[in-house]
Amino acid sequence: MTGWRSQWRLVLLNSLTCGLEICVAAGITYVPPLLLEAGVEEQYMTMVLGIGPVLGLLFIPLIGSASDHCNSSYGRRRPFIWLLSLGVLLALFIIPHADVLAANLSWGSSRRNQALQVGLLILGVGLLDFCGQVCFTPLEALLSDLYRDRDDCGQAFAMFSFMVSLGGCVGYLLPALDWSGGLLSFYLGGQAECLFSLLILIFMVSVLVTMKVSEEPLSTLEPGPPEPRRCFPRSCCYLFQCKLWALKSGPLMCLLRTCWSMTPAIYRSYCHVPRVMQQLCLAQLCSWMGVMSFMLFYTDFVGEGLYEGVPSAAPGTALRQRYDEGIRMGSLGLFLQCATSTFFSLVMSRLVRLFGSRAVYLSSMVCFTISALVICLSKSVLLVTAMSALTGFAYATLQTLPYTLTCHYHKEKEVYMQNSKTPKPHTNGFTITRDSVCLTLDSGPGDLNHKSGISNGHVPHSRDEPGYYPSLYQNGAHLGLESEDFEKRGVGLDFAILDSTFLLSQVFPTLFMGMIVQFTESVTMYIASSAIFGAIGIYFATHIIFDQKDLRS
């Protein structure tokens, strides 16, 4: 995939990715002040920010698996993208206008007005975080459908990571600008209304561009056989039946029917995750927990630990001024992290070609862990800021390589996604496999040891054949009777599991980091915990299956 036309198409295809990240980063950054102004206490504010990730953990597998089996005329992935984008737009409208909507719906009661305003804000925040995070899953699956070759898939997800990083840079910068003095703010009603109106405009443009460019391949659809044409009278009953059929066959009904029918299958798929995906998700979870622990609490660490400020001090005091200055310096560090991630996203494909996926993944996590350790031990603002920028390498890697590997696993399912369960031996010591069962049915007793070179119901393997290795074959036998489970497994479900590890990495730190810091009475534990998770992620990353050579070890 070379040439500026292909690269430009990738940019347009990932424009929704950039728009989503801008809206989520800017919206979630601007939400805490709005919640505090509405009367929400700080301890409950953190719980409100956790609604989106928790809902995402519940629904991402459902949406990912349902998109694998959707047969809508609009494609497999795009109906889900449209629906989730509608939720993002609704949230971007509710959040800045919660006070106006509450005033119109409360019928003059001030107490009811405040309660309704808080409820609408919570609804908007949860909807924005949930729909924004979940929408990445069908977008990732869409890239996988359009770019199936391993090199093309690597470039596609490198561009995906670049657009996410670029959107994060823009999203963190927009709330920092003063919109209240402009003419647009005068007409729209204030800082929040102006900012969210701009976000709505950016998001609508990005949705339209991506939907225009993303023509899903016809092979992903499974249309049924055409029905013979019949002549019916134009009666009212017939017209009603036609409208009812059109409603049932619409993309929304197709989406809902697919989600409903896939719910039992998701449980079975979660209970039979391929070994390669288990190892990848475990390393991804630990790595993301390190990175997210760093990103969530880095600004608080700089404000309290490095600048020795106090967030609860009265405004205008020296302690509060030092804390606010530390928060600004911490925000600069996170911005530099996004900038570094943007750079590494651009060169990720070249790094993988030069050094290989294993070396790039491990080096990024080693770099992150060392940077976190230096930040824990150093008191230099300049060195800490430089190390925070260096953590962008791991952020770019975690957004690129796991999805590229998943595409590679699904492209060669017969190699990577064989059922690794050991077949149960029969009481006489022989192993019952599909081949032996077929031979028993198709052959007579006398032909069992003389057909196709099969001896005692087993298939011999030489050391040079892939079947020799126990990771693909157990006890010298072919796959067990349950191997067809992985053959029907879609890439959308495995992308959803990867995205679930990202959401889970946000839930764990928000639940336990506060207790750890309160127990140790040191905010340095924020960064120390991220370094520990990074070291654990390095250990599990050494067990990831990057190519077929790893299956033989």
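Identification of the protein chain as Solute carrier family 45 member 3-like from Carassius auratus is taken from an unreviewed UniProt entry.

Draft legend 1. Expanded view of the packing of aromatic side chains. A complete count under the given rule lists 15 aromatic pairs for this structure. Clustering of aromatic rings is evident, with ring pairs tying together Phe136, Phe157, Phe160, Tyr403 and Phe495.

Draft legend 2. Spatial organisation of the pattern of salt bridges. A complete count under the given rule lists 3 salt bridges for this structure. One salt bridge in this structure joins Asp145 and Arg77, with 2.8 Å as the shortest N-O distance. Taken as a pair, Asp145 in helix 8 (residues 136-146) and Arg77 in the loop between helix 4 (51-69) and helix 5 (78-94) lie far apart in primary sequence, 68 residues in all. On the accessibility criterion, Arg77 (0% relative accessible area) is buried. Between Asp324 and Arg320 there is a salt bridge; the shortest N-O distance is 3.4 Å. Taken together, the residues span about one helical turn, with Asp324 and Arg320 both in helix 15 (residues 318-355) at a distance of 4 residues. Residue class for Asp324 comes out partly exposed when judged on its relative accessible area of 29%. Using a relative accessible area of 24% as the deciding quantity, one classes Arg320 as partly exposed.

Draft legend 3. Spatial organisation of a nonpolar patch on the surface. Together, Phe508, Leu511, Phe512, Met515 and Ile516 make up an exposed nonpolar region whose accessible area comes to about 460 Å². Relative to the helices and strands, Ile516 is located in helix 23 (residues 491-520).

Draft legend 4. Structural detail: helix 17 (residues 381-390). Within helix 17, burial applies to Val384, Thr385, Met387, Ser388 and Ala389. Of the surrounding elements, those touching the buried residues of helix 17 are helix 14 (275-306), helix 15, helix 16 (357-377) and helix 18 (392-398).

Draft legend 5. Local environment of the packing of helix 15 against helix 17. The interhelical angle for the contact between helix 15 and helix 17, taken along N-to-C directions, is 35 degrees, at an axis separation of 7 Å. Crossing of helix 15 against helix 17: the hand is right-handed. Each of Met329, Gly333, Leu336, Gln337 and Thr340 in helix 15 lies in contact with helix 17, whose residues at this interface are Val381, Thr385, Ser388 and Ala389. Of the residues assigned to the contact of helix 15 with helix 17, the class counts are 4 nonpolar, 5 polar and no charged.

Conventions and cut-offs
- Residues numbered from 1 in each chain as written.
- Predicted model: local features only at pLDDT ≥ 70, side-chain atom pairs only at ≥ 80, totals over all residues.
- Heavy atoms only, no water.
- Phe/Tyr/Trp six-rings, centres within 6.5 Å; stacked < 30°, edge-to-face > 60°.
- Salt bridge = Lys/Arg side-chain N within 4 Å of Asp/Glu carboxyl O.
- Helix = DSSP H or I, 4+ residues; strand = E, 2+ residues; numbered from the N terminus.
- Buried < 20%, exposed > 50% of the residue type's maximum accessible area, 1.4 Å probe, protein only.
- Patch = residues over 30% accessible without salt bridge, like charges linked within 9 Å, V, L, I, M, F, W, Y side chains within 5 Å.
- Areas by Shrake-Rupley, 256 points an atom, 1.4 Å probe, with all protein chains shown as cover.
- Contact = heavy atoms within 4.5 Å.
- Axes fitted to C-alpha atoms, helices over the stretch in contact; angles between N-to-C directions.
- Left-handed = near helix turned anticlockwise from the far one by under 90°.
- Nonpolar A, V, L, I, M, F, W, Y, C, P; charged D, E, K, R; others polar.

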